[in-house]
Amino acid sequence: MTSPPSGEVIAEPAPSGLSRILDHRVLLSIVVLALLPWLLPSKALAVNVLIYGVVVMGYNLLFGYTGLLSFGQAAFFGAGAYFTGIAIGRYGVPWFAAVPIAVFLSTCLAAAIGIVSTRTRGIYFSMVTLALAQLVYYVALQAASFTGGENGLRGFTVDRISLFGLHVNFLDPVNKYYVLMAFAGLAMWFQSRILNSPFGAVIEAIRENEQRARACGYDVERSKLVVFMLSGAISSLGGCMLALHLSIVPLDILHYQTSGMIVMMVLLGGARSFFGPFVGAASFLILEDVISLWTPHWQIFVGAIFVLFVLFLPKGIWGTMLDALGVGKARP
Amino acid sequence: MDLSLIIMQLLSGIALGAVLVITALGLTIVFGMLGVVNFAHGALFMIGAYAGLYLASLTGSFWWGLLLAPILIGAFGMLIEFVLIRRLYGRSIDDPLLLTFGLSYILVEGVRIVFGSDGIPFPTPPQLIGVLDLGIGFFPRYRLFVIALVAVVLLALWLTLEKTRIGLIVRAGARDPTIMQVLGVDIGRVWLAIFGLGVGLAALGGVLAGPMRSVNPEMGSLVLAEAFVVTVIGGLGSIVGAVVAGLMVGISISLVALFAPEMATIVMFALMAVVLLIRPQGLFGVRGRTA
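Values in this document were obtained by computation on a predicted structure and should not be read as measured data. (Residues numbered from 1 in each chain as written. Chains lettered and ligands numbered in written order. Predicted model: local features only at pLDDT ≥ 70, side-chain atom pairs only at ≥ 80, totals over all residues.)

Engineer: I'd like a rundown of the overall build of chain B, residues and numbers included.
Structural biologist: A tally of regular secondary structure across chain B gives 11 helices and two strands. Taken against the 2.2 N^0.38 rule, which gives 19 Å for 291 residues, the C-alpha radius of gyration of chain B at 19 Å falls within 12% of a compact globule. Principal axes of the C-alpha set define a box for chain B whose edges measure 60 × 50 × 35 Å. Evaluated residue by residue, chain B yields a buried proportion of 50% over its 291 residues. Here the contacts in chain B between residues at least 6 apart in sequence split such that 74% fall between residues at least 24 apart. (Helix = DSSP H or I, 4+ residues; strand = E, 2+ residues; numbered from the N terminus. Rg over C-alpha atoms; globule rule 2.2 N^0.38 Å. Buried ≥ 20, exposed ≤ 12 C-beta atoms within 10 Å, placed from the backbone. Contact = placed C-beta atoms within 7 Å.)

What follows is the structure, encoded as structure tokens:
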């Protein structure tokens, strides 16, 4: 047996210029995100694209790359936000410590949910993740002394970001965007490393053919659990960003509608591509922004557009574009 | 703790479980036949409740609502299968699930547009108002009626599936649709009917639950989670499993509500987690397809 193939080492016959540029997917993504606040109508929208982009990117690791359709990603998004808020507001932890603590605790939660849910396959997995995420929702609803229950978590505000003697006014929307973009950049680098590693090849092998991956000697169950935790960790970082951004955590963040929204975003953008989640998050949020200008019932249109995507454009906007251009083994 | 109180609570649990059984049954029958999990099941439950309420106020009688709502919504379900779901057979198993999820958005928002976002009270039919003296305590008449009606529906379903020619085709089609086509059965029509039946059962659950819960556009999301929990515990595709698990969940919610009310919504999820750890395919599930 030779060592397992890693994501990108399979030799490509003379990659085109465009392909070679697109292979620097993390740098390119950061450049696009850096320009985003100046391209979108409002800074608040840009911040949301950033936050949901990170959440959906983490989810894409699970759904797009491993082929596990979870309907419970809101649990980790919400956990990241709640743990950050509780650490800062209740225990007075500074923000730079609160974020790693929150990600760590959310990853533990992902481990617990993952142990139960990765024992199941196919449609069962979707149903079980949905049910367990609803369990987290009801626990947060009942533990009102910790989480604020139905009113959401309040009473923590980060107005100044200080690190290494450098002070940034966090209330300024532009500053806020670029501070949060640093988090997003970190998450993208981490995700790209995972995908380029041998482990990244293993999860794609599981998606393509679970039995064959098992026959090749890979521990499918353990890989699924690990990818579930990694995915939860990245999505929870998005939750931390949300908590820092809003200074409140609404209970709805844990609801299964949020999980569904994450699924919608990844499909609109394009599962199984690196930048697709950001495209999906941006399309969804812009759609919501534009339609809600003239009707409060924007969900009916979003639902209809999503149904059309499932029927006619299952690879999403970005995924279809990549296919049309035929670029990049790395699917940027 | 008073024993008669526990028995009364047990009965309450059976009434609650009866609605769960009907709802989960619709989900599990559709999965068993078509291999599709309908994520709009909760939304269709909610639409059933609204349709029942609307038809009852239109005709002036709860009974017309109870009879017509499941039939109308079941026909609507057949339309959904014919127009949307049918296109997805042969594609990834995730696709029907995603499609029905998108559909639930449309249905919920549609109801908000027509009936508004606020909850509407669903009046109990006048014949069933009040309580009945059972000797050990008083029990709401309406809940007894729910238990009895669900028992009748289950019996009818069981007889149809086991004793009739149609039932034979349905059971054979669930086992091997290709052979059924070779034998000259139009399996597409069977699937259409089964999807309609599943949606009709969701609507029936909605009408029955109406007087016990308040009717609002969001009621479907909790129901969907409950129906999932019941089918996962019972084993997806298993009718006996849906009945046993539905009653089990209903009874545990009621009994836990007696001792620790704040744990009532949480207990069913804990039950599901325990079942999954011990028996990933569910109590009556067949290993291989799902676990």
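Right, picking up where we left off after that structure.
Engineer: If you had to explain the overall build of chain A to someone new, which residues and values would you point to?
Structural biologist: Counting its secondary structure elements, chain A contains 15 helices and two strands. Summarising its shape, the C-alpha atoms of chain A cover approximately 55 × 45 × 45 Å along the three principal directions. The 332 residues of chain A split such that 51% are buried. Once local pairs closer than 6 in sequence are excluded, the contacts in chain A between residues at least 24 apart make up 75%.

Engineer: Hey, could you go over the nonpolar core for me, with residue numbers and the actual values?
Structural biologist: If you look at the biggest cluster of nonpolar residues, it comprises 200 residues, and the most contacted ones within it are A:Leu50, A:Ala131, B:Ala203, B:Val229, B:Val232 and B:Met272. Here this core takes 17 residues from helix H1 (residues 3-34) of chain B, the largest share from any one element. Not counting residues within four places of it along the chain, the set of residues in contact with B:Ala203 comprises B:Leu44, B:Phe45, B:Ile47, B:Gly48, B:Ala51, B:Ala69, B:Pro70, B:Ile73 and B:Gly74. (Core = buried A, V, L, I, M, F, W, Y, C linked by C-beta atoms within 7 Å.)

Engineer: Go over the interface of chain A and chain B with me, naming the residues and quoting the values.
Structural biologist: Interfaces are often sized by the amount of accessible area the parts lose when they come together. Taken residue by residue, the interface counts 34 residues in chain A and 34 residues in chain B. At the level of elements, helix H6 (122-142), helix H12 (256-269) and helix H14 (298-312) of chain A are the ones that each hand at least two residues to the side of chain A that touches chain B. Take the side of chain A that touches chain B: its biggest share by element is 14 residues, from H6(A).

Engineer: Could you give an account of the packing of helix H5 (residues 141-163) of chain B against helix H6 (residues 165-175) of chain B, naming the residues involved and the relevant values?
Structural biologist: Residues and elements named next belong to chain B. At a minimum axis separation of 5 Å, H5 and H6 run at an interaxial angle of 80°. Taken together, H5 and H6 sit at an angle that is classed as roughly perpendicular. The segment H5 lies against H6, with Thr160, Leu161, Glu162 and Lys163 engaging Ile166, Gly167, Val170 and Arg171. (Axes fitted to C-alpha atoms, helices over the stretch in contact; angles between N-to-C directions. Parallel < 35°, antiparallel > 145°, perpendicular 65-115°, else oblique.)

Engineer: Tell me about the environment of B:Val182, residues and numbers included.
Structural biologist: For B:Val182, the location among the structural elements is in helix H7 (residues 177-182). C-alpha of B:Val182 to C-alpha of B:Leu67: the two residues are 115 residues apart in sequence and 37 Å apart in space.

Engineer: Quick rundown of the packing of helix H4 (residues 74-91) of chain A against helix H5 (residues 95-117) of chain A? Include the residues and the values.
Structural biologist: All names here are of chain A. Orientation of H4 relative to H5, taken along the N-to-C sense of each, is 140°, at an axis distance of 8 Å. It follows that H4 is oblique to H5 by the angle criterion. Handedness of the H4/H5 crossing: right-handed. Residues Ala75, Phe76, Ala79, Gly80, Phe83, Thr84, Ala87 and Ile88 of H4 lie in contact with H5, whose contacting residues are Trp95, Ala98, Val99, Ile101, Ala102, Val103, Leu105, Ser106, Leu109, Ala110 and Ile113. Class assignment of the residues belonging to the contact of H4 with H5 gives a composition of 16 nonpolar, three polar and no charged. (Left-handed = near helix turned anticlockwise from the far one by under 90°. Nonpolar A, V, L, I, M, F, W, Y, C, P; charged D, E, K, R; others polar.)

Engineer: An account of the confidence of the model for chain A is requested, with residue identities and associated values reported.
Structural biologist: This prediction gives chain A a mean pLDDT of 88; 91% of its residues lie at or above 70. Every residue in residues 1-12 of chain A scores below 50 in pLDDT, and together they form 17 contacts with partners more than four places removed in sequence or on other chains. (pLDDT = per-residue confidence, 0-100.)

Engineer: I'd like a description of the environment of B:Met212, backed by residues and values.
Structural biologist: Residue position: B:Met212 is located in the loop between helix H8 (187-209) and helix H9 (219-234). Separated by 19 residues in sequence, B:Met212 and B:Thr231 have C-alpha atoms that sit 22 Å apart.

Engineer: Pulling in residues and values, what's your account of helix H2 (residues 41-59) of chain B?
Structural biologist: Residue and element names in this part refer to chain B. Between its terminal C-alpha atoms H2 stretches 26 Å, which fits the 27 Å expected from 19 residues at 1.5 Å a residue. Buried residues dominate H2, accounting for 15 of its 19 residues. Of the residues one or two after H2, Gly60 is the one with positive phi, at around 80°. (Expected span 1.5 Å × (residues − 1).)

Engineer: Could you give an account of the confidence of the model for chain B, with specific residues and numbers?
Structural biologist: Chain-level pLDDT for chain B is 90 on average; 98% of the residues reach the 70-or-more range. Reported confidences for the modelled complex are a pTM of 0.89 and an ipTM of 0.87.

Engineer: Could you give an account of helix H8 (residues 173-196) of chain A, naming the residues involved and the relevant values?
Structural biologist: Residues and elements named next belong to chain A. Over its 24 residues, H8 runs 34 Å from end to end, which matches the ideal 34 Å to within 8%, given 1.5 Å per residue. Looking only at H8, the buried set comprises Lys176, Tyr177, Leu180, Met181, Ala184, Ala187, Met188, Gln191, Ser192 and Leu195. Packing partners of the buried residues in H8 comprise helix H2 (25-39), helix H3 (43-65), helix H9 (198-208) and helix H11 (220-246).

Engineer: Describe in detail unusual backbone geometry, supporting the description with residues and values.
Structural biologist: Residues and elements named next belong to chain A. Phi is positive for Ser247, which is not a glycine, with a value near 65°. With respect to the secondary-structure elements, Ser247 resides in the loop between H11 and H12. Taking the C-beta count within 10 Å as the criterion, Ser247 has 18 such neighbours and is therefore assigned partly exposed. In this structure, Arg272 is a non-glycine residue whose phi angle is positive, near 70°.

Engineer: Go over the environment of A:Asn60 with me, naming the residues and quoting the values.
Structural biologist: Residues and elements named next belong to chain A. Tracing the chain through its elements places Asn60 in helix H3. Considered as a pair, Asn60 and Val266 are 206 residues apart in the sequence and their alpha carbons are 6.7 Å apart. In contact with Asn60, not counting residues within four places along its chain, are Tyr65, Val266, Ala271, Gly276 and Pro277.

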